[in-house]
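Now for the letters of each chain:
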Amino acid sequence: MPRIFTLVVLSAIVSLLAACGDDSSPFQDGDASTDTDTDTDTDTDVDTDTDADTDTDTDPVNPCPEGQHAECYAENVWCFDDTDTPMSELDVCVGGEVCVQLSEDVAECQCTSDAYRECYGGDVWAYDSCGELDSMIADCADPDVCTDLGDALGPDCCEASPSAEQCADDGDVHDFLQCTLNGAVDAETVVADCNDTNAECVETTATAAECQCLNHWTGDNCDVCAPHWDPEAECNACAGYWTGTDCSTCDGFGSDVDHCQCPDGTYVPQPDSERCWTCPLNSVAEDGICPDVYADDLTWYAADTACADGFHLPSIDELLRLYTGCAVDGTETDCDNCSDSPACNAMYGAVSTLGSTWTTQSCAFGHHGFGLVSGYIVLEDLYCDENTHQFDSNLCVK
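Examining the overall build of the protein chain
Logical step 1: For the protein chain, the count of helices and strands is six helices and 26 strands.
Logical step 2: Per-residue burial for the protein chain yields a buried fraction of 33% across its 398 residues.
Logical step 3: Put simply, 35% of the contacts in the protein chain that link residues at least 6 apart link residues at least 24 apart.
Logical step 4: Here the protein chain displays about 23300 Å² of accessible surface, and carbon together with sulfur accounts for 49% of that area.

Next up, the structure:
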């Protein structure tokens, strides 16, 4: 029995020693791992706090002698005394450097960030003031390309060709490029000119624009005033004696819609227009037809005064609209005879006594006259003298 007991005790001791030396023991590993992890975490926290404190505590040092401080002066770094008088130049900023005031007492020459931008490697990059690459501003991904848009806008990632039409600052329709940094950029290509017509530029969608006629102008070039509207009032008021919101009601000429530009039958309507004329002064139309009688000879001032309210002596341009075949040669204008010009013939063809009229056209001595029968400007100096010469068939127009 004693021998057997001894063997059992020895066997138990061997098993216990083996267990204590086994690396896979859960008790031993758990204690070691926990201690190690805790120490590591603690060390990391301490290091982080130390770095933050170091950054905060670092202040720029005043480089000037005691009692002085550094300031930017004349684009360089200078030392100033306590009365803000410059004492000595401390540093010269060169090679693109600029003087930067870091604090009340400290200034130094530095290369400033993002001083300008250029296309580099197909992308938009910023350069510092010393000409070194600073940082990428925009990555131009295909199909966009880096495009220099000029001094005002700089480089940008833009589409290769315009894809939109919009209203530009000049009021016309332009092509526009779509860009990353600047959005829609004017390509300065005029698609439609709205300024030379009675139109305005209107953006119909985000990528489309067009010239649209103003007021009541019509036609492809917005140069035709709608019927019964007055082109002399920018086609935004009723012509003659037309009334109503759409200028469709005639309050003149006995409600004769064919002659509504005139107040009544004592005036002469110009065919296919909104103009109303008089017969030669001192004679009156009947139902729009002038009598075949001689009119009085009048000086320019007398003729101008004789025009009724709202009427005026005609300009050369207004007279030429009564005639066909007009040709201008320098200062001379010659047209077909009145009898060969449909508008003139319809209005004054029955007046065999038709002569000449004063106009608003200035000349050396006063105003030009116009030969109504032959359709030409009277140019001779004598006939320009508005103080002495008289014309007999003076017309007024509205």
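From this point, the discussion proceeds with the structure in view.
Focus: unusual backbone geometry
Logical step 1: Cis geometry marks the peptide bond from Asp 142 to Pro 143, where omega comes out at 15°.
Logical step 2: Its place among the elements puts Pro 143 in the loop between β8 (133-138) and β9 (145-148).
Logical step 3: A positive phi angle, close to 55°, is found at Asp 272, a residue other than glycine.
Logical step 4: Mapped onto the elements, Asp 272 comes out in the loop between β20 (268-269) and β21 (276-277).

A few points about a negative patch on the surface
Logical step 1: A contiguous patch of negative charge, built from Asp 329, Glu 332, Asp 334, Asp 336 and Asp 340, is present on the exposed surface.
Logical step 2: Note on placement: Glu 332 falls in strand β23 (residues 332-334).

Notes on the sheet that holds strand β2 (residues 76-80)
Logical step 1: The strand order across the open sheet built from three strands is β1-β2-β3, with neighbouring strands paired in antiparallel fashion. Either end of the sheet is taken by a strand with one partner, and the two such strands are β1 (69-73) and β3 (86-91). The mean angle between the axes of side-by-side strands here comes to 40°, regardless of whether they run parallel or antiparallel.

What to know about the confidence of the model for the protein chain
Logical step 1: The share of residues in the protein chain with pLDDT of 70 or more is 83%, and the mean pLDDT across the chain is 83.
Logical step 2: Within the model, the stretch residues 1-14 combines pLDDT values under 50 with zero contacts to residues more than four positions away or in other chains.
Logical step 3: For residues 16-55, every residue scores under 50 in pLDDT, and the model assigns this stretch four contacts once sequence neighbours within four places are set aside.

Notes on the environment of Tyr 376
Logical step 1: Mapped onto the elements, Tyr 376 comes out in strand β26 (residues 376-378).
Logical step 2: Residues in contact with Tyr 376, not counting those within four places in the same chain, are Thr 333, Asp 334, Gly 369, Phe 370 and Gly 371.

Examining the pattern of salt bridges
Pairing is possible between side chains that carry opposite charge, provided their charged atoms lie close to one another.
Logical step 1: Summed over the entire model, instances satisfying the criterion amount to three salt bridges.
Logical step 2: Residue Asp 317 is joined to Arg 321 by a salt bridge in which the shortest nitrogen-to-oxygen separation is 2.8 Å.
Logical step 3: Under the relative-accessibility criterion, Asp 317 is labelled partly exposed at 42%.
Logical step 4: Classification of Arg 321 as partly exposed rests on a relative accessible area of 42%.

Some details on the layout of surface pockets
Logical step 1: Size it by volume and the largest pocket reaches roughly 480 Å³.
Logical step 2: Asp 230, Pro 231, Ser 273, Glu 274 and Arg 275 are the residues nearest the centre of the largest pocket, which is lined by 25 residues in total.
Logical step 3: Residue classes in the lining of the largest pocket are distributed as 10 nonpolar, six polar and nine charged.
Logical step 4: Of the voids in this model, the second largest pocket is the one considered here, and its volume is about 250 Å³.

Criteria and thresholds
- Residues numbered from 1 in each chain as written.
- Predicted model: local features only at pLDDT ≥ 70, side-chain atom pairs only at ≥ 80, totals over all residues.
- Heavy atoms only, no water.
- Helix = DSSP H or I, 4+ residues; strand = E, 2+ residues; numbered from the N terminus.
- Buried < 20%, exposed > 50% of the residue type's maximum accessible area, 1.4 Å probe, protein only.
- Contact = heavy atoms within 4.5 Å.
- Areas by Shrake-Rupley, 256 points an atom, 1.4 Å probe, with all protein chains shown as cover.
- Patch = residues over 30% accessible without salt bridge, like charges linked within 9 Å, V, L, I, M, F, W, Y side chains within 5 Å.
- Salt bridge = Lys/Arg side-chain N within 4 Å of Asp/Glu carboxyl O.
- Lys, Arg positive; Asp, Glu negative; His and termini not counted.
- Charge placed at Lys NZ, Arg CZ, Asp CG, Glu CD.
- Pairing = 2+ DSSP bridges.
- Axes fitted to C-alpha atoms, helices over the stretch in contact; angles between N-to-C directions.
- pLDDT = per-residue confidence, 0-100.
- 1 Å grid on protein atoms, 1.4 Å probe; cavity = no way out; pocket = protein on both sides within 12 Å on 5 of 7 lines; lining within 4 Å.
- Points joined across faces, edges and corners; volume = space filled by probe spheres on them.
- Nonpolar A, V, L, I, M, F, W, Y, C, P; charged D, E, K, R; others polar.

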